[in-house]
Amino acid sequence: MKNFDFDTPVKRHNTASLKWDRYRDRDIIPLWVADMDFKSPPAVIDALHQRVEQGVFGYGVTPDGLAEVVCAMLANRYDWHIQPEWLVWLPGLVSGLNVACRSVGERGDGVLSLVPIYPPFLTAPQNFNRQLIRVPMLDSGSGWVMDFGMLEKSISRETRLLLLCSPHNPVGRVYRREELVELVSICERHNIIICSDEIHCDLILDVEKKHIPTSVVCPEASARTITLMAPSKTFNIPGLGCSFAIISDAGLRNNFYQAMTGIVPEVNILGLAATLAAYRDGWEWHAALLDYLRENRRLVEQQIGSMDGLVMRHVEATYLAWIDARSIDATSPARYLEKAGVGLSEGSEFGSPGFVRLNFGCPRSLLMQALERMKQAVSG
Ligand SMILES: Cc1ncc(COP(=O)(O)O)c(C=O)c1O
């Protein structure tokens, strides 16, 4: 395998980065918003150079070969055989979550989210006057699980949509086939559409685990599932804004397109060029990335596990660790740790005050420095 350098820090301070600019004048290591501090695959950077070199940035269309590359990727990696027309290109997955809420059901209908959850899952339903129904996940002691009993109890006749995050941000779960089958059968019983955000699907860290798209877990799943995917987490290109929905059911797809009309812009041409290059030529880089992230995860689990007052469960996927810090500060532990020089995401934004989310997608030296600061803060 080629050598890719994930160790050498890339200067991001004062480069108009959301993650780094939050603390531009303070000595705080930013481990919050979910992008990584690594350069993207060389193939992506080369493709962007080539596109920029041409110098004309007019309106675009999806490049030749892109739909075929995405279809082949889904077939090879997930044994999912889709038709190119099921693809709906989007400038972002948050847009996709919002469009899903707008396109399914009516004002006043219920939308389920499993909490803790990536914040837009909590806000998208309300943006379209849907009722958000929060279903807490359970910490089994060895990991986070869905509470099917509570889920079913939370459903009423007005419940039309479930927003699923698989793999789950922030708890890092890779859902097993049995779990997804149970979930789909509950949705089938109550005629609920599933919007399955699978943006983290290529970041499975446990080698024995596999991502299973919700749409393929059982024959009934596909017709009631809107899947959202993107190369943005996989290849660290979220700022290029290119993602897609996969919707096999023509009715659901038409409603989705209709809900986008006049509001959701075309994907930008650099995002499309990067996506094509990433899915075609970025997989060697991706394999090296996963190895690097696995070692970072090991360090995080080991270090956090040794800190008084902090508890975390095993991270099966993503580069995000979900840490119970309630014994340090029950309402805003991120603020407490910020004072110690580490910038984490506040659990309250995910619906769970007293937790923090730590992004370990960064050079190991920076991660170790942040963990050392956290150790000092909790023991001091
Ligand atoms: C589950 C999930 N969905 C969506 C997004 C953001 O997607 P986008 O930047 O394409 O809107 C994130 C980013 O962290 C995420 O974790």
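Residues numbered from 1 in each chain as written. Predicted model: local features only at pLDDT ≥ 70, side-chain atom pairs only at ≥ 80, totals over all residues. Heavy atoms only, no water.

S.K.: Before we move on, could you go through the site of the ligand and cite the residues and values that matter?
M.R.: Taken together, A34, G92, L93, V94, Y118, C165, N169, D197, I199, H200 and K233 make up the full set of residues adjacent to the ligand. Contact between the ligand and D197: a nitrogen atom at 2.5 Å from a side-chain N or O atom of the residue. The contact in question runs from an oxygen atom of the ligand to an N or O atom on the side chain of K233, over 2.7 Å. Expressed as a share of its isolated accessible area of 400 Å², the protein-covered part of the ligand is 87%. (Near = heavy atom within 4 Å. Polar contact = N/O pair within 3.5 Å; in protein donor to acceptor, adjacent residues only side chain to side chain. Areas by Shrake-Rupley, 256 points an atom, 1.4 Å probe, with all protein chains shown as cover.)

S.K.: Give a detailed account of the pattern of salt bridges, specifying residues and quantitative values.
M.R.: Inspection of every chain in the model, using the stated rule, returns 23 salt bridges. R12 is the partner of D37 in a salt bridge, and the nearest nitrogen-oxygen pair spans 2.7 Å. On the criterion of sequence distance, the pair formed by D37 in the loop between β1 (29–30) and α2 (42–54) and R12 in the segment before α1 (18–21) is long-range, its members being 25 residues apart. The class of R12 is buried, set by a relative accessible area of 16%. For D21, the salt bridge is made with R24, and the minimal N-O distance between the two is 3.0 Å. (Salt bridge = Lys/Arg side-chain N within 4 Å of Asp/Glu carboxyl O. Helix = DSSP H or I, 4+ residues; strand = E, 2+ residues; numbered from the N terminus. Buried < 20%, exposed > 50% of the residue type's maximum accessible area, 1.4 Å probe, protein only.)

S.K.: Give a description of the side chain of R253 that names residues and reports values.
M.R.: Tracing the backbone through its elements, the reader meets R253 in helix α8 (residues 250–260). Buried charge R253 goes without a salt bridge, the closest partner of opposite sign being E85 at 5.9 Å. In terms of polar contacts, R253 uses its side chain to reach the backbone carbonyl oxygen of E85, at 3.3 Å. Within polar-contact distance, the side chain of R253 engages the backbone oxygen of S248 at 3.3 Å. Excluding anything up to four places from it in sequence, R253 contacts E85, W86, V88, I247 and S248. (Lys, Arg positive; Asp, Glu negative; His and termini not counted. Contact = heavy atoms within 4.5 Å.)

S.K.: Can you lay out the sheet that holds strand β2 (residues 87–90) for me, pointing to particular residues and giving the numbers?
M.R.: Read from one edge of the open sheet, 7 strands run β2-β10-β9-β8-β7-β3-β4, paired in mixed fashion. The open sheet has two edge strands, β2 and β4 (131–136), and neither has a second partner. If you compare each strand with its neighbour and ignore which way they point, the axes differ by 20° on average. In terms of strand pairing, strand β8 (residues 193–197) meets strand β9 (residues 225–229) through 4 bridges, oriented parallel. Looking across to β9, one finds that S196 is bridged to T227. Set on the sheet, α8 makes contact with β2, β8, β9 and β10 (243–247); between it and β2 the angle comes to about 20°. (Pairing = 2+ DSSP bridges. Axes fitted to C-alpha atoms, helices over the stretch in contact; angles between N-to-C directions.)

S.K.: Describe the side chain of E198, and please don't skip the residues or the numbers.
M.R.: Take E198: it is sitting in the loop between β8 and β9. Buried charge without a salt bridge: E198, with R77 as the nearest opposite-charge side chain at an N-O distance of 11 Å. At a separation of 2.6 Å, a polar atom in the side chain of E198 contacts the side chain of S196. Discounting chain neighbours no more than four positions away, the residues touching E198 are S166, H211, P213, T214, T227, L228 and M229.

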